[in-house]
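Residue-level structural notes
Listed here are the chains, written in short residue letters.
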Amino acid sequence: MSTRYPGPSRIHLSAFPPKERWNDWTELDSQAWPQRKERHYQLVPTTCFNCESACGLLAYIDKETGKIQKFEGNPENPGSRGRNCAKGPATLNQVTDPDRILYPLKRVGRRGEGNWERVTWDQVLDDLAARIRKAIVEDRKGEIMYHVGRPGEDGFTERILAAWGVDGHNSHTNICSSGAREGYQLWMGLDRPSPDHANAKVILLISAHLESGHYFNPHAQRIIDGKTNGAKLIVMDTRLSNTATHADYYIAPYPGSEAAILLATANYLIQNNLYNREFVRKWWNWQEYLKRESGVRSQKSEEPPATSQVGKGGLPPLTFEDFDQELKALYAEYTFEFAAQESGVDAKTLEEIAQLVATAGTQLSSHNWRSVTSGNSHGWSVARCLFMLNCLMGAVATEGGVFPNAWNKFVPKPIHTPPHPKMWGEINWPQEFPLSMHEMSFLLPHLLKEGRGKLDTYFTRVYNPVWTNPDGFSWIEALSDESLIGCHAALTPVWSETAYFADYVLPMGLGPERHDIHSYETHDSQWLGFRQPVMRAARQRNGEDVHDTREVNPGEVWEENEFWMELTWRIDRDGSLGIRQFVESKKKPGTRLSVDEYYGWIFENSLPGLPEKAAAEGLTPLEFMRRYGSYEIKKKTGALYDENVAAAELDDQREDDFGRVFTRAAKPASPNVVPLPGPDGDADGRRLVGINVDGEIKRGFPTPSGKLEFFSQTLVDWGWDEYAIPTYIRGHIHPQNLEADQTILISTFRLPIQIHTRSANAKWLNEIAHTNPLWLHTSHAAKLGVRTGDLVRVETEIGYFVVRAWVTEGIKPGIVACSHHMGRWKIHETGQKQMMATVKLDHTGDRWGLKREAGVGPYESSDKDTLRIWWNDVGVHQNLTFPVHPDPISGMHCWHQAVRVRKADPTDNYGDIHVDTAKSHEVYKKWLAQTRPAQKYSPNGERRPYWMLRPLKPAREFYKLPTETT
Ligand code: SF4
């Protein structure tokens, strides 16, 4: 008999309460000891909202008190399998946080002055609905913007905006992950990797995935599974992370040199014929590359590649042998010696790493998300070079390899699908960045200041740009200017630096107080998680009617689903604008959709197998999801690109010179068909359906070629010819671009126990981590005459900050690092008292200063633990001193900073910050000048390639660039 928990966790039985007993789970009361007092709990699942992983949580609701006693892992969640990081259980602190916002607030006095009055939700909704309706009716839809930090859901709010006809979705992605996304999208048409670490032979990681990676806990446990199964771990990280300490090979390259190492590894595989030739022959778009090269060379009257045969349609010779020769020539310059010179890592070690990669076969898993791809200019090329190793080894969508993320996700069809907005959001998608992976969110203050638009109604939602983004003082300037932003509504569970500059502060639920669904690429499978208000689910399970989540949440804390549906309803009460229909009940037309109907419809109609599985337990699909919190759709997805296209999808098909097959048959409705947007179709209106590989029509990849794109015609077409194939690009902090007294600041590393703005209200986490000293190598510190604890001044292009030094051997000599999780501040009494220092802001014109007036300390509250706060220091807000650095291709903010570090002046105080926002605007303009705008470079008169991913795609006709007369 198995001793394993039967659910997805497969953890030993004793680790979790079996789901059959979740209605009445008994534990002894630890506080009653030595008395053996039983406590009875109802266990209700939800998901954690403290990072993007959305791990399963189980709320232990005390049957006697009706209160949540604790949160533990949900063994039924296939992604997290019952495990959490420290931030999961700390959700309890956030629920009971004595400083949390409980009621809707409206500003009194000037914006930013810090005075608030309590208002009703009705007042808020009527005001916002009237503003938005007016803007829609007056055709000012471009003045409505929703700006999201952590989405935590799959598309709900995008559909709300689409229902309004507004292309106003803005995100945090360009300060987070656009760099990596660009690199992956160029190869495979999808923008994220889904590594199968658990089954890998070799795991290659750039940065700290064990303690702070993307899909942190779900991936970390699978990296350890892989290691337990014998996988070798290679880690590149300039800073000695916890992940690095688990590595078989750990190297600390010069920041930005990673692509040189990866290409040296690729070169080793290529020159020694250690790559998977059959996979490359079948699945790379090498024919396109050779054709183009042949054309270029004949124009230059050079010899074309060696001729073996003439291809179809009079194409130049296209044999794989030719390509193999080309490949060998193309990458020959990337020797280990070259990589050693760029990275500072010795050539012998790099060669050993390459030899290890060569042993992986198709079981090479790799991952890079933020780190260098978000730090260095052209950081996207690092992800491109990393995935090239997978593409060389054939380790794509294999057991132990890397999958395209969309194949390991499941996005169910919703009850209503509004059409694509009929407009283009100019201010989110400026023409200078036609290839950006997401909205140019962090440039918003500069774009507004330049007069490129203004906002009537601006929502920030779980987003704190004043603190999280670079150049926060420019954000304060824009947010304070009512002629630029008419009304700012901050939807947030906690106080933030940005909320101080809002007109409305609207309290939103935490993970156990709101509904969302999500599906993430944690491993090779497909699953759906359900976040829910646990008190609502518990009461409904006990037979009570709950119609509105505010009935069960603390104070008047709401949830966004109900908020957006109600706001949408009020924008178009009579339905005359055609908006109301998208939040209308199907069961009771003329009334607003409820969350029960919304999710009930999805679970009944869009999740294959769920209705049957639920019925087997006598439950409706919604009851099943409320009971268990997740559903596994597929255990494995496999190599979807290699599937044959069904005969029913082939009608009057046509094949082009590169084997792309076009059909007149309509797209099947099946949600599991690989998306293949590719080009628009052929001239006769057929759509691309697959790719002919050795006589069989395969699904292929969702790229324009249908194959893995070693060669990017898209980059060539949009003016970036020099980057047509994976290439090493020296970035903005390469030594050749630094002055003699400059060094590099790595400002992006995460701490495993904090999460941006949201964890400042978690006392357990705050006690563990509450400051962010500057990591400085021993040799570097000796040169500066600095010891641990000394104050140092870090000067950026636009100002400086003063922080304490931490002298360590755990960083590459000459490089400094400071975690971005700290340095929270408040300018008024209102705020998170455990983790926000009280500061004074000063400014004269463009010159801004921030001075710390007091750190934190014990205080009286409803939680007696706040009297036990022993720490005073909460770190320094370094991001304020960073100008914007938009990468000209991906649009990613390039976080690495060229800085000067020196001992602080005698007059400097800890936490001092000075910035000149006029200088920051100059830096913005300097980076903008590096772009290749669509207006000049677009090959087809459109704003961006239609095949590329874009949240909330507008209708196709609005991709057209404006002409002078329009
Ligand atoms: S990794 Fe930690 S913070 Fe992220 S969802 Fe899981 S438990 Fe929550």
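Residues numbered from 1 in each chain as written. Predicted model: local features only at pLDDT ≥ 70, side-chain atom pairs only at ≥ 80, totals over all residues. Heavy atoms only, no water.

1. A look at the sheet that holds strand E20 (residues 630-634)
One open sheet accounts for three strands, arranged E18-E19-E20; its pairing is antiparallel. With partners counted over all chains shown, the strands left at the sheet margins are strand E18 (516-518) and E20, one partner each. Strand after strand, the sheet turns through a mean of 15 degrees between neighbouring axes, direction not considered. Looking at chain direction, strand E19 (residues 526-531) and E20 are connected through four bridges and run antiparallel. By the bridge assignment, Gly529 is partnered in E20 with Ser630. (Pairing = 2+ DSSP bridges. Helix = DSSP H or I, 4+ residues; strand = E, 2+ residues; numbered from the N terminus. Axes fitted to C-alpha atoms, helices over the stretch in contact; angles between N-to-C directions.)

2. What to know about the pairing of strand E6 (residues 115-118)
Sheet analysis places strand E5 (residues 105-108) next to E6, joined by four bridges and oriented antiparallel. Looking at E6, one finds that Arg107 is bridged to Trp116.

3. Here's the deal with helix H15 (residues 380-393)
Every α-helix winds through 3.6 residues per turn, so residues three or four apart in the chain are directed the same way. With 14 residues, H15 extends 21 Å from end C-alpha to end C-alpha; this agrees with the ideal 20 Å at 1.5 Å per step. With 14 of 14 residues buried, H15 lies mostly within the body of the structure. (Expected span 1.5 Å × (residues − 1). Buried < 20%, exposed > 50% of the residue type's maximum accessible area, 1.4 Å probe, protein only.)

4. Things to note about the site of the ligand
Every residue close to the ligand is listed here: Cys48, Asn50, Cys51, Ser53, Ala54, Cys55, Asn84, Cys85, Lys87, Gly88, Phe216 and Asn217. For the shell around the ligand, the class distribution of residues is six nonpolar, five polar and one charged. (Near = heavy atom within 4 Å. Nonpolar A, V, L, I, M, F, W, Y, C, P; charged D, E, K, R; others polar.)

5. Observations regarding the nonpolar core
Counting 92 residues, the largest nonpolar core has Leu745 and Leu774 as the members making the most contacts within it. Examining the composition of this core, we find that five residues originate from one element, helix H18 (residues 472-480), more than from any other. Residues within four places of Leu774 in sequence aside, it is in contact with Leu745, Val792, Val794, Val803, Arg804, Ala805, Trp806, Val816, Ala817, Cys818 and Val901. By size, the runner-up hydrophobic cluster in this structure holds 78 residues, among which are Val345, Ala347, Leu350 and Leu386. (Core = buried A, V, L, I, M, F, W, Y, C linked by side-chain atoms within 4.5 Å. Contact = heavy atoms within 4.5 Å.)

6. Overview of the pattern of salt bridges
Oppositely charged side chains may form a pair once their charged atoms are brought near each other. Under the criterion given, the structure shown has 83 salt bridges. One salt bridge connects Glu72 with Lys70, and the closest N-O pair in it is separated by 3.1 Å. The exposure class of Lys70 is partly exposed, given its relative accessible area of 21%. The partner of Arg452 in a salt bridge is Glu432, with the nearest N and O atoms 2.9 Å apart. Here Arg452, found in the loop between helix H16 (444-449) and strand E15 (455-461), pairs with Glu432, found in the loop between strand E14 (402-404) and H16; they are 20 residues apart in sequence, far enough to count as distant. Here Arg452 falls in the partly exposed class, since its relative accessible area comes to 33%. Residues joined in a network through salt bridges with shared partners are Asp122, Asp126, Glu566, Arg570, Arg573 and Arg592. (Salt bridge = Lys/Arg side-chain N within 4 Å of Asp/Glu carboxyl O.)

7. Details of the side chain of Ser496
On the secondary structure map, Ser496 appears in the loop between strand E16 (485-492) and strand E17 (504-507). Within the structure, the side chain of Ser496 is placed 3.0 Å from the backbone nitrogen of Ala499, a separation counted as a polar contact. Other than its neighbours up to four places away in sequence, Ser496 contacts Asn464, Thr757, Arg824 and Met836. (Polar contact = N/O pair within 3.5 Å; in protein donor to acceptor, adjacent residues only side chain to side chain.)

8. Observations regarding the sheet that holds strand E2 (residues 38-47)
One open sheet holds the four strands; their spatial order is E1-E2-E3-E4, and the pairing between them is antiparallel. Strands at the two margins of the open sheet, each flanked by one partner only, are strand E1 (25-28) and strand E4 (68-73). Neighbour-to-neighbour, the strand axes of this sheet turn through a mean angle of 40 degrees, independent of strand direction. As paired elements, strand E3 (residues 56-62) and E4 share five bridges and run antiparallel to each other. Across the sheet, the residue bridging to Ala59 is Phe71, located in E4. Against the sheet, helix H19 (residues 534-541) makes contact with E2, E3 and E4, and its axis sits at roughly 115 degrees relative to E2, the strand it touches most.

9. Observations concerning the confidence of the model for the protein
Scored by pLDDT, the protein comes out at a mean of 93, with 96% of its residues at no less than 70. Scored below 50 in pLDDT, residues 307-314 shows 14 contacts in the model against residues more than four places distant or in partner chains. Within the model, pLDDT remains below 50 along residues 671-677, and this stretch shows 24 contacts once partners closer than five positions in the same chain are excluded. (pLDDT = per-residue confidence, 0-100.)

10. Quick notes on the packing of helix H2 (residues 121-137) against helix H20 (residues 560-571)
Across the interface, H2 lies against H20 with an axial gap of 8 Å and an inter-helix angle of 55 degrees. Judged by the angle between their axes, H2 and H20 are oblique. Crossing hand, H2 versus H20: right-handed. Contacts between H2 and H20 involve Trp121, Asp122, Leu125, Asp126, Leu128, Ala129, Ile132, Arg133 and Ile136 on the former and, on the latter, Phe563, Glu566, Leu567, Arg570 and Ile571. Across the contact of H2 with H20, the residue classes break down as nine nonpolar, no polar and five charged. (Parallel < 35°, antiparallel > 145°, perpendicular 65-115°, else oblique. Left-handed = near helix turned anticlockwise from the far one by under 90°.)

11. A closer look at the side chain of Asp524
Its location among the elements puts Asp524 in the loop between E18 and E19. Despite its burial, Asp524 pairs with no opposite charge; the closest candidate is Lys636, at 4.3 Å N-O. Among the polar contacts made by the side chain of Asp524, one reaches the side chain of Asn408 at a distance of 2.9 Å. Among the polar contacts listed, one links the side chain of Asp524 to the side chain of Thr637, at a separation of 2.7 Å. (Lys, Arg positive; Asp, Glu negative; His and termini not counted.)

12. Points about the packing of aromatic side chains
Scanning the entire structure with this criterion turns up 51 aromatic pairs. Seen in terms of ring centroids, Phe563 and Trp564 are 5.1 Å apart; in terms of plane orientation they differ by 70 degrees. Their pairing is edge-to-face. The burial state of Phe563 is the same as that of Trp564; both residues are buried. Seen in terms of ring centroids, Trp720 and Tyr723 are 5.9 Å apart; in terms of plane orientation they differ by 10 degrees. Their pairing is stacked. Residue Tyr723 is classed as buried on the basis of its relative accessible area, which comes to 13%. Over the ring of Tyr628 we find Lys19; its NZ or CZ atom is 4.7 Å from the centre of that ring. Positioned over the ring face of Tyr60 is Lys70, at 4.5 Å from the centre of the ring. (Phe/Tyr/Trp six-rings, centres within 6.5 Å; stacked < 30°, edge-to-face > 60°. Lys NZ or Arg CZ within 6 Å of the ring centre and 35° of its normal.)

13. So, the state of the cysteines
Using the criterion set out here, one finds zero disulfides in the structure. Cys894 takes part in no disulfide bond, and the closest cysteine sulfur, belonging to Cys176, lies 14 Å away. (Disulfide = S-S within 2.5 Å.)

14. Quick look at the pairing of E2
When you tally the buried positions in E2, you get eight out of ten residues, the bulk of the element. Bridge count between E1 and E2: four bridges; the pairing is antiparallel. Of the residues in E2, the one forming a bridge with Trp25 is Tyr41. Across seven bridges, the pairing between E2 and E3 is antiparallel. Residue Val44 lies in a different strand from E3, and its bridge partner there is Ala59.

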